[in-house]
Amino acid sequence: MLWILLAITAALFLAWNNGSNNAANAIGTIVGSGALPLRKALILAALFEFIGAITFGQFVSRTLMKGIIDITVYQDYMTVVKGMIAALLATGTWVIIATWLKIPMSISQGIVGGILGFGLISAGVNIVNWNKVTIIITSWFLMPPLSCIFAYLLYKPYIKMFENKRLLRLAIYASLFTMVSLSTFLLSTDIMKNVAIAYLMLLSLAIGLLSISLYLIYDKLYIASKSSKESLYLKSILLIASTSMAFSHGAHDSANAAGPLSATIIALDEKQIPVSIEPLFETLILAGLGISIGIISWGYRVVETVGERITTLTYSSAFIAQFSASIVVIIITRLGIPVSTTSAIVGSIAGVGFAKGLRSVNIKLLLKIFAMWLLAAPVIAVIAIVYYLILLSISI
């Protein structure tokens, strides 16, 4: 029971730090553009982070439980317990430092580094699934340019829709439909595995159309009666993008705490090395709550860096950056790859900045952020080794 309590504490510590640092991923642009006050944005992000965690959190959790290292080679299940707790504590330690420095940090890079550190010190290089790790590390380097290019390509068509009042509603409908139908499709392919893809696509399209219908009702009952319709439409589309990113981030990053915690609880409960790679739903709830609490309590710390210091954001550019990043992240999440949601949003913001002109981007700040990212995995691996050696000396 004491080890379970320690594991839960370590997971909550990481999840809280995750929310504190990565709240900026979801609300940095909407606050930076002035579309929503910070407090309301924090509450909104916390809600959708939690929803994302409990619906999509299992995909990346599976990878973190057994995909990085082969835990079945261990003879003693307590090795896995202590190693996973060490990885959680090490990642949380590094992220709290990054948050204090107002640097948006990739928690996924951290937890992968922590698990690698524990695996290497306890069993050597042969325990590591180098094929999977190579794919993950490659994705870290590909994510910023991918989201940057995606945002760059979306910039001109969306800017035209923003400038034309008649097309502004079309931008809202297209964005809402895309995010809702895509999320539905990706989730349903896992829940309803025996159903034909064609039917799942029809279901996703139907739910996407339903979301547009609900927005039309809101438009008619509320926005139509206001004098500042254009401003409300602009805020609406930013809210869609921001909640989409919060949902995507919760779906992806809840695994950083839930995956190792699930492996720990299963090992302690069964008193053997976990055979199942299915994360416990309770850990997804715990991780989602931890992230949400972190967002509300300390989430303001990094918001300014993401929302204002990389490039100056307007309503339109904020939306494009947020929306493009959320699409990329939700697809990668469904593939079960622990990538950096932070690098996705930073890359998207940079892409919007580059579309406006090279001088509009704070290159020096970007280089500082990238340097912290490169240091994350190796430094956290070393910290995890230290924590693991300390935990080895503890006998409860």
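First things first, this report covers the structure right here in the doc. (Residues numbered from 1 in each chain as written. Predicted model: local features only at pLDDT ≥ 70, side-chain atom pairs only at ≥ 80, totals over all residues. Heavy atoms only, no water.)

### Observations regarding the packing of aromatic side chains
So, point 1. One pass over the structure, following the stated rule, counts 14 aromatic pairs.
So, point 2. Arranged with centres 5.7 Å apart and planes meeting at 20°, the rings of Y74 and F118 form a pair that is stacked. With Y74 in the loop between α3 (58-67) and α4 (77-100) and F118 in helix α5 (residues 107-123), this residue pair connects regions lying 44 residues apart in the sequence.
So, point 3. Look at Y74 and you get buried, because its relative accessible area is 8%.
So, point 4. Feature note: the residues Y158, F162, F319 and F323 constitute an aromatic cluster, connected by ring pairs. (Phe/Tyr/Trp six-rings, centres within 6.5 Å; stacked < 30°, edge-to-face > 60°. Helix = DSSP H or I, 4+ residues; strand = E, 2+ residues; numbered from the N terminus. Buried < 20%, exposed > 50% of the residue type's maximum accessible area, 1.4 Å probe, protein only.)

### Remarks on α5
So, point 1. Taking 1.5 Å per residue, 17 residues should reach 24 Å; α5 reaches 24 Å between its end C-alpha atoms and fits that length.
So, point 2. Along α5, 13 of the 17 residues are buried, which leaves the element largely enclosed by surrounding structure.
So, point 3. Once α5 finishes, G124 follows within two positions and takes phi at roughly 90°, a positive value. (Expected span 1.5 Å × (residues − 1).)

### Overview of the side chain of T184
So, point 1. Take T184: it is sitting in helix α7 (residues 165-191).
So, point 2. A residue is classified by how much of its surface remains accessible, and T184, at 16% relative accessible area, is buried.
So, point 3. Within the structure, T184 has its side chain in polar contact with the backbone oxygen of V180 (distance 2.7 Å).
So, point 4. Dropping the residues within four chain positions of it, T184 is found in contact with S204 and I207. (Polar contact = N/O pair within 3.5 Å; in protein donor to acceptor, adjacent residues only side chain to side chain. Contact = heavy atoms within 4.5 Å.)

### Examining the environment of K82
So, point 1. Mapped onto the elements, K82 comes out in helix α4.
So, point 2. A residue is classified by how much of its surface remains accessible, and K82, at 10% relative accessible area, is buried.
So, point 3. As a C-alpha pair, K82 and L391 span 309 residues in sequence and 6.1 Å in three-dimensional space.
So, point 4. With residues near it in sequence (within four places) discarded, K82 still touches W3, Y388, L391, L392 and I394.

### Structural notes on the environment of F118
So, point 1. Looking at F118, the relative accessible area reads 0%, which means it is buried.
So, point 2. Note: C-alpha distance between F118 and L182 (64 residues apart in sequence) is 36 Å.
So, point 3. When neighbours within four sequence positions are excluded, F118 is seen to be in contact with I69, Y74, T79, V80, G83, M84 and Y388.

### Quick word on the packing of helix α9 (residues 229-270) against helix α10 (residues 281-298)
So, point 1. Orientation of α9 relative to α10, taken along the N-to-C sense of each, is 140°, at an axis distance of 8 Å. As summarised for this structure, α9 and α10 are arranged oblique, according to the angle between their axes. When the axes of α9 and α10 are compared, the crossing they make is right-handed. Residue-level contacts link D253, S254, A257, A258, L261, S262 and I265 of α9 to T283, L284, L286, A287 and I291 of α10.
So, point 2. Grouping the constituent residues of the contact of α9 with α10 by class yields eight nonpolar, three polar and one charged. (Axes fitted to C-alpha atoms, helices over the stretch in contact; angles between N-to-C directions. Parallel < 35°, antiparallel > 145°, perpendicular 65-115°, else oblique. Left-handed = near helix turned anticlockwise from the far one by under 90°. Nonpolar A, V, L, I, M, F, W, Y, C, P; charged D, E, K, R; others polar.)

### Structural notes on a nonpolar patch on the surface
So, point 1. Taken together, the side chains of I191, M192, V195, Y199, L202, L203, L205 and I207 make up a nonpolar region of the molecular surface, amounting to roughly 710 Å² of accessible area.
So, point 2. Broken down by element, the nonpolar patch gets its largest block of residues, five residues, from helix α8 (residues 197-221).
So, point 3. You can call I191 exposed: its relative accessible area is 59%. (Patch = residues over 30% accessible without salt bridge, like charges linked within 9 Å, V, L, I, M, F, W, Y side chains within 5 Å. Areas by Shrake-Rupley, 256 points an atom, 1.4 Å probe, with all protein chains shown as cover. Salt bridge = Lys/Arg side-chain N within 4 Å of Asp/Glu carboxyl O.)

### Looking at the packing of α5 against helix α14 (residues 363-392)
The description of two helices packed together rests on the angle between their axes and the distance between the axes.
So, point 1. At a minimum axis separation of 7 Å, α5 and α14 run at an interaxial angle of 45°. Judged by the angle between their axes, α5 and α14 are oblique. Between α5 and α14 the crossing geometry is right-handed. Where α5 abuts α14, its residues Q109, G110, G113, G114, G117, F118, I121 and S122 lie against W373, A376, A377, I380, A381, A384, I385 and Y388.
So, point 2. A breakdown of the residues in the contact of α5 with α14 according to their chemical character gives ten nonpolar, six polar and no charged.

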